[in-house]
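Residue-level structural notes
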Amino acid sequence: RDQDTIASFLRSGKDFPDGSPFSEMMPAINAILTDPALFQCVLSLLSYNPNTGLTSVAQNANLLPPGSSYQQKQGRKRSPSEDAAHIASRKKPMLSPTPTNRLLPKQASKTSMVASDEGSKGQLSEKSIPVFAATIIYSIMQHIDHWPVQIMKAFAEDSFGPRNWVDDGRCKALVSNLEISLEPKTIDGNLDDQSASVAEHVEAYFSSLIARASTIKTSMLSSSKPLNGTTVSSSQHKTISSKEKRKQAEIVKPGDGSSSSSSGEEEVLESESLPTENKQKTVDMESSGMSAVPSTSSLPHPSISHLHNMFSSSSITKKRVCPRYHMHSLDLAYKAISDAFQDRLNSKSRQNSRLLQLLPSFLSIPRVRFLASCHLERWLQSPALAGLARNLFANIVQELSCVEPPLPDDMEIIDKILKLNLKANQLSMHIEHVTMIAKKIPTQNVAQLIFTHCLQGECSSGSISNALKPNDDHLRMLRSVYAMLDRKLAANALASSVSSLSLDVLNPVSETSDLSSQLQNISYLLCAVVDALGPLYDGFHFVKAIIKAQSGMSKTMTSVTTSARLIFECSLLVTRTVPSLHTALEAASKKSNKKSSFSDFDSVDGAELDCFRKNMLGLRKAILRWCITDVCHVYHGKVSQEEQARCADAYFERGAVTRGPGAPDYHSVLDVHSSPEEGDCSSPFQRMIALVRCMLFLSLPSSKEMETFAMSGEGMEYDRFQRINFCCIYGVDVDDKVLQMIISSPHITPNTALSVIENLLLRCGSKCAAKVSCNVTTVSSLYQLAEYVPEWRSDLSNNSVSPSSNENGSNTSADEANDIEKMRENGGASTVTRLDKSKLPRLAITSLWWRVSSIALILSGVLPEKVGFTMWEEMPTLRALIRMTTSQKYRFPTADCNKTEKERVRHAEERVRQEEANIAELLFMPPQPKKISKPIPQILSPTYHRGGLRSSARQKEKNEKSMAVEEERQAAALHAENMKLRNFLRTLQKNIMVWDPKQEQRKPPKGSIDLLLSVNDRFGLAEKFRLSTSPDFLLQTIGEGRSSIERAYDWLIPIISSHPAIIDRLPPSASCFLLLRAYGVEGDMNRELLDLTAPLRTHVTKCLSGEFGEHHALLAMELLLQDISDESDDRRRCARKVLQEAVGNANVLDSSQFQRLGHCGWLFQMVHIKNCKEIIPLAIKYLSRAIAYERGKVLSMYISALSAFKKFLEEHKMEEDFDFVSTLCELIAARPHVCSDAFDRFPHLRVLALAEVKNAFEQAIESNDVAQRAPASSLVVVTIPRKDGSVTNTKMSSNLLHAAIIIIGNWRSRDHDKGEAQNLEEETLILHLLGYLIIPFTNQLNGNTVSGLSSAKHMHSEKRAVSVEEWVLLAKARAENVAKHAALSAPNIFLPRLLLCCGMPRTSFYTMLTRLDAMLDSFTD
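To keep things clear, this report deals only with the structure shown in the data block.

The rules behind each value
Residues numbered from 1 in each chain as written. Predicted model: local features only at pLDDT ≥ 70, side-chain atom pairs only at ≥ 80, totals over all residues. Heavy atoms only, no water. Pairing = 2+ DSSP bridges. Helix = DSSP H or I, 4+ residues; strand = E, 2+ residues; numbered from the N terminus. Axes fitted to C-alpha atoms, helices over the stretch in contact; angles between N-to-C directions. Contact = heavy atoms within 4.5 Å. Expected span 1.5 Å × (residues − 1). Buried < 20%, exposed > 50% of the residue type's maximum accessible area, 1.4 Å probe, protein only. Parallel < 35°, antiparallel > 145°, perpendicular 65-115°, else oblique. Left-handed = near helix turned anticlockwise from the far one by under 90°. Nonpolar A, V, L, I, M, F, W, Y, C, P; charged D, E, K, R; others polar. Phe/Tyr/Trp six-rings, centres within 6.5 Å; stacked < 30°, edge-to-face > 60°. Salt bridge = Lys/Arg side-chain N within 4 Å of Asp/Glu carboxyl O. Core = buried A, V, L, I, M, F, W, Y, C linked by side-chain atoms within 4.5 Å.

Another aspect to go through is the sheet that holds strand β5 (residues 1287-1293). Ordered by their spatial adjacency, 3 strands build an open sheet running β5-β4-β6, and the pairing between neighbours is antiparallel. Edge positions in the open sheet fall to β5 and β6 (1348-1354), since each of these has one partner strand only. For this sheet, the mean angle separating the axes of adjacent strands, direction not counted, is 30°. With 3 bridges connecting them, strand β4 (residues 1275-1281) and β6 associate as antiparallel partners. Each residue of the ladder has a partner; that of Thr-1279, found in β6, is Gly-1348. Strands in contact with helix α60 (residues 1294-1305) are β4, β5 and β6; relative to β5, the strand with the most contacts, it is inclined by about 100°.

Dropping the structure here:
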């Protein structure tokens, strides 16, 4: 009827009407669900055992009336395992010896009556009682979505026990609902808010109902009395013998293999189940989630509204099979099943094959999995159960939950599985299942647990000495699991395992020898693991994981050293990731046992080496980060105290700052005079730096420092030595991030940071294979480490402090008042002037600043393009250091500066030093009191004062002497204090400077010179700067211009001698200058310079030919032409030789021309070179000057070249301010004898001169252009006769007139050496000039105007333009007709002077005598 009612409501879709009596609508369901005792009784029937006639221990007492008992003791049996249904007829119940545990007579008769499966008519058989109860429960609960936990508990007890109703087909619906509730799912997340609320209410309802049933039962038992009226004591309910108590206390340890059957039969265990009533109540209350049994009054009565909620249309489910446990009830159900399985295992009953077969259905429960894993080893070792146990093993692994973090039960299961002690034929299965665990739960915790087990081996205590003998099975397991996991995850897990194992082993060790032994053992173990992993091993990630695991764990110096050694040992393992290295080491070990050098690693594959360097750089960053955060952090306090102790001084208490920079200390590991291992080993700073050096492989394996750190004892193993050496060579690269990491770290002092950076760069020297990568920003930020930030005194103020300020209302502190009082006591005035902090520039510690500059210099040489170029452009001090290093001339100002620049740099340095001295005085000197003028005493009128006691002269003298001695003592003390203060201030002035790196170049202090020289020696900076082409520091150091080359000549020659290839990079002026020097006198004394002539000549030829551009060609030509026009004969000769070899040997001239021109062929080759249009004007300019110093053939070639250049200009229509005639005339006039000699030797030159002078005269006659160009002081006026008989006054240059006179006077009429045509040409030209200039005086006496040379007068002074010497030259001309005409044309006043000349031709002499005779007739005197 109740089912019909529910069905009708389900069809209608309506809920039960509120207020309607639930008992009337569904009386049967209401009776069971509202009566606690009846509900408990129905549940207890599920545990009824037809074979014994008993219900479960936990529910049996609820079926009996108060005061009765129905318990039976199970007897001992030794028979093969069979199902209970098959042996029910052969089993007879054994009555308990206690009366309270026996069946009632009426119940006993009923039991014997229903012994068969079929009951009597109208009665149930005993086997049907549990089925009947299951049917009732399912009929009631099938429509409810949430069931009580007790149903699941009964299901678990029957499943693990006799299986009275679980296997019955009539209970399939109930069993199906329970089984589906155990399937793995996430049903809790699928419940909506309403369903979750209903689930909570149903769970609370059933919990309250079971609790009330237990309370009622307890109350009835406590108030019950026996039939005779006496109270039944607790001892009457059960009587337990001592033997039974011992059996109850007996516990079988999980995994005990003593109970396993060696004969292949199933296990048969015996036990007696004697639970007490109190224990029953505890179990029931634990199942219901109650911690204690409350009283009936305190428990809530089950409400009818809960039933309405359970059977509402929204709560009733239409599914017949679905999960019935959710949220908290599911957890309680899992606990009930786990407890039932625990009781089954503890009961010592048969753990037969049926139990192992049904266990996989319950393995989704974590606790059941764990309990099964505890007995897994015993079941696997049993021959009869091994097959089922293998299947169970696989199911346990499969059911593990893949969550992070893993479940605690699963972690215990994995631990139990790892510790299984299996037979040899089961080891492969063991490894396979462990690998499956890692695949099922790929988390670090699980992997770490597995790896720790593998590392510890078979030693349960985890001793490293036993783990050093790992069998192949553990390594196989480790490799299999490692291969299954992600590489990074596996490396992290393995690192955590190694870290924890090492922590347990190394921390208890106190002796150094023991620590070395344990570290060696760990190293051997890790090598075995790495060899087993093979290519799977990612050494770099493993070490990073080790570093991460060790971060933050070290708090003391000892512990941080231990961690550092562990990281070092793990870092050495990365060399095993280079396959070709193993081959190289094996080959080297076979040759000899000596420690190898750099060349032994040449056989390492290049690609593998590049990959190693790249990965090693990332690993060293992680190591450096750990050193900064852990090592430096632990040592920071001690190191800071050590640095402060060096800077401490008593005068700081009187200065404006509390701490100064201390004395300058330029000590650096980069100094060649200092070794990295030098220093006080007891110093915390030195110990810290040594630790960092070894960690970063900056110490060589042969050093004592590395041997001590690596704990190698007396000798290091060959393979270990090689691997350390390999890391020291190829694993010490430095990049920008490494430097930034050190600069930005707050855990280290500036001195420590600089020391670490210097040690890093030390391995990047010229003889090392390390590489450096850095940018300009990082180099600039290095100077932040050198900054000095004054720590001001707390009482320092920018204003003046006066003791009277307090009276005016200002707040003067007590410290200030004390300071002022002290100053008064010391003789100070009442007003003290304080320092104005706002006007201070940014300061730096001098020693640190120059150490940073040395590092910047190194990076500029190693990275010229990235760093050096910017340093040169932006930082004058670095530019000066680069120039000093390149030229190896450590001078200030630098050697390339001229006088003006030197003076400017010196003045700037003096100005900055004075500023720094003033700043140091303000910071560190005691504040100077302001001087106050004393009042002038007033002169009073003299009054008589009676004197005191008289004293003798001797006593006065004694007093005066004592006063003089005291004054001398005070003066000496004051002088000593002043000297001490002066020395102190002088020391501090040396260590304080203006911080700005972009200021004018600074003079390196004397203490920094050794450091700069050492830096150059270690890193070969001079060679790097000289060989750098982008930028070209050598050319920038040399500069441009002849003066720069001359200043650089001394240091440039050795450089070019050692590197002849540099010649191609030299500026043209430099190569030309050096070649000129090589051909000069210095070349004869300098053999190195002579050897460079060939490459220099080639470079000069390329420059002049325009291969390096027009600009360089012009510069080179100009420098050579400057020497062509120089006063020095040697310089002119060398310049001609250079030009001839560079330009004159071109195949443009034929052999005859080349032979005629000789060493001056370059003059005529200029018109054929590439940039001739720009070069010819330069040649004209300097050749015009050169003709003033040359003679003979060279002069002839120069004049001819100038004539050719003139034609070149005319042909190319180039407008240049060049007048060849004026130049030639000026030359002839200035150097008549040289020109005459040249005319005699080179007739073509005379013809050229005659033609040019004749043309010039004609142009002068026709126009006055020449006169307009020449200055007025050099103009002469000559009367020239025309062809028509008239005359004209012609203005011309005096040089032209003098040149014509010289040419005419030195002309020879007939020269047999010359050809007829040339003689005729010269005569024609001479006759033209004679017609213009040499006009006989007889013609002038006939009344004609005086013309020719006789009429030549200076335009500005009206004086004769032709001197008597020139007339003498003409009168003594080589041609007789010229001499005769000169004698006839000379003015009368010069005739006596001419007669006195020696060497005059006969014709001229007689001609002049004839003129004198004629003059006698016309003159009276």
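The structure having been displayed, the exposition proceeds.
Here helix α37 (residues 846-862) spans 24 Å end to end across 17 residues, near enough to the 24 Å set by a 1.5 Å rise per residue. By the criterion of burial, α37 is predominantly enclosed, with 16 of the 17 residues buried.

Let us look at the packing of helix α19 (residues 408-418) against helix α21 (residues 444-456). With their axes 10 Å apart at the nearest point, α19 and α21 run at an angle of 25° to one another. It follows that α19 is roughly parallel to α21 by the angle criterion. The two elements α19 and α21 meet at a crossing, and its hand is right-handed. Of the residues in α21, those in contact with Met-411, Ile-414, Asp-415 and Leu-418 of α19 are Asn-445, Val-446, Leu-449, Ile-450 and His-453. In terms of residue class, the contact of α19 with α21 is built from 6 nonpolar, 2 polar and 1 charged.

All right, on to the pairing of β4 then. The buried fraction of β4 is high, at 5 of 7 residues. Judged from the 7 bridges that link them, β4 and β5 form a sheet pairing that is antiparallel. Across the sheet, the residue bridging to Pro-1281 is Val-1287, located in β5.

Quick look at the packing of aromatic side chains now. Enumeration according to the criterion identifies 17 aromatic pairs in this entry. Taking the centre distance of 6.4 Å and the plane angle of 75° together, the rings of Trp-1162 and Tyr-1198 count as edge-to-face. Taken together, the residues span a long stretch of sequence, with Trp-1162 in helix α53 (residues 1162-1165) and Tyr-1198 in helix α55 (residues 1192-1211) at a distance of 36 residues. Each member of the pair, Trp-1162 as well as Tyr-1198, carries the same accessibility label: buried. Cluster of aromatic residues (ring-pair linked, three or more members): Phe-155, Phe-160, Trp-165, Phe-341 and Phe-362.

In the structure shown here, the tally under the stated rule is 37 salt bridges. For Glu-966, the salt bridge is made with Arg-969, and the minimal N-O distance between the two is 2.4 Å. With Glu-966 and Arg-969 both in helix α41 (residues 953-990) and 3 residues apart, this pair spans about one turn of that helix. Note on Arg-969: relative accessible area 49%, which makes it partly exposed. When the shortest N-O distance is used, the salt bridge between Asp-1129 and Arg-1132 registers 2.3 Å. Note that Asp-1129 and Arg-1132 are positioned in helix α51 (residues 1129-1144) at a spacing of 3 residues, about one turn of the helix. The class for Asp-1129 is exposed, based on a relative accessible area of 53%. Accessibility expressed as a relative area gives 4% for Arg-1132, which makes it buried. Sharing partners across several salt bridges, the network here consists of Glu-909, Arg-913, Glu-916 and Arg-1002.

What tends to happen in soluble globular proteins is that the nonpolar side chains get buried as a cluster. Counting residues in hydrophobic clusters, the biggest one holds 247 residues, and the most contacted among them are Phe-160, Trp-165, Leu-494, Phe-542 and Leu-859. Among the elements that take part in this core, helix α29 (residues 606-647) stands out by supplying 16 residues, more than any other. Those residues in contact with Phe-160, other than ones at most four positions away along the chain, are Ile-337, Ala-340, Phe-341, Arg-344, Leu-355, Leu-358, Leu-359 and Phe-362. Core analysis: the next-biggest nonpolar cluster, separate from the first, contains 129 residues, Leu-1052, Leu-1074, Ile-1199 and Leu-1333 among them.

Don't take any of this as a statement about function, it's just geometry.
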